[in-house]
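# Understanding the architecture of this molecule
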Amino acid sequence: MALYPAEGIVLGTRSWGEADKIVTIYTKERGLVRAAAFGCRRPRSPLAGAMQMFVHADLQFAEGRRLETVKTASVRASHHRIADDLMALAYATFTAEVVCAFMPEGVADEHFFDTLALIVTAFETRHPRVAALAAVLRTLDAAGLQQTYDHCIHCGAAIEGDAFFHVGEGGALCRTCAAAGARPFAAALRALLTDLQHLDWTDPPPMRVRGGALMEAEEIVLAHVQELLGHPLRSLAFLAQLG
């Protein structure tokens, strides 16, 4: 059973058996990894502290046919403040679900991993709703599934001023190419989405967005996510309860 080290962030957990968990971890070296963490639900387990949501840890895995096995884990950052804030927890969980849905298993993306570590940290101090939207846009970009905001997806013309947007086709349309099913796409909304899409996570500016604009931006991005998945995200039901 080959062993290998990895640096990872826990993005999903579910109980398994009497004291175990199945965990989904985004790693710097191998992208998404799904693994069994045996005994980690026992209080005295050396894995107990590391197999919690959003923990950033140095790990050792054993390769397996269906699942890897977490052998050791040393916590780098636990991000307890996310769990202490219900809103931050809800939006961070939503972001984690998007990452797990779209980032491939076994494919390393070190730049995205480094960004993800900054994103998780941002949920402790930044507006969680805005941070989540920017994080989803960054994830779609890393997965090659990003929407197009700056030029017409039909004719390629640069978009200037107000335009139109087609969720099913995943991008902006100029006035000439506007088709049935396209919705108005105001210049201010396009600017907001573009700014969030290209947010510098190493030094993010204050995340203050007018509520109406944020709702419009979320509607466009979430419709795209659900179009790609073919089903709603489970975490959205929890967010809906929070209002």
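## Quick word on the sheet that holds strand β8 (residues 183-185)
Spatially, the three strands line up as an open sheet ordered β7-β6-β8, and their pairing is antiparallel. Each edge of the open sheet carries a strand with a single partner, namely β7 (171-173) and β8. The average undirected angle you get between the axes of adjacent strands in this sheet is 45°. As paired elements, strand β6 (residues 163-166) and β7 share three bridges and run antiparallel to each other. Paired with His-166 across the two strands is Gly-171, which belongs to β7.

## Topic: helix α7 (residues 235-242)
Residues Ser-235, Leu-236 and Leu-239 constitute the buried set of α7. Viewed end-on, α7 has its buried residues packed into an arc of 95°, placing them on one side of the element. Exposed and facing more than 90 degrees away from the buried side of α7 are Ala-240 and Gln-241.

## Considerations on the pairing of strand β3 (residues 31-37)
With respect to burial, β3 is a largely interior element, six of its seven residues being buried. As paired elements, strand β2 (residues 20-27) and β3 share seven bridges and run antiparallel to each other. Residue pairing in the sheet places Ile-25 in a bridge with Val-33 of β3. Count of turn residues in the β2/β3 antiparallel hairpin: three residues. Strand direction decides the pairing type here: β3 and strand β5 (residues 68-77), joined by two bridges, are parallel. By the bridge assignment for β5, Ala-36 is matched with Thr-69.

About the cut-offs
Residues numbered from 1 in each chain as written. Predicted model: local features only at pLDDT ≥ 70, side-chain atom pairs only at ≥ 80, totals over all residues. Heavy atoms only, no water. Pairing = 2+ DSSP bridges. Helix = DSSP H or I, 4+ residues; strand = E, 2+ residues; numbered from the N terminus. Axes fitted to C-alpha atoms, helices over the stretch in contact; angles between N-to-C directions. Buried < 20%, exposed > 50% of the residue type's maximum accessible area, 1.4 Å probe, protein only. Arc of directions from axis to C-beta.

Scope: geometric values only; no functional claims are made or implied.
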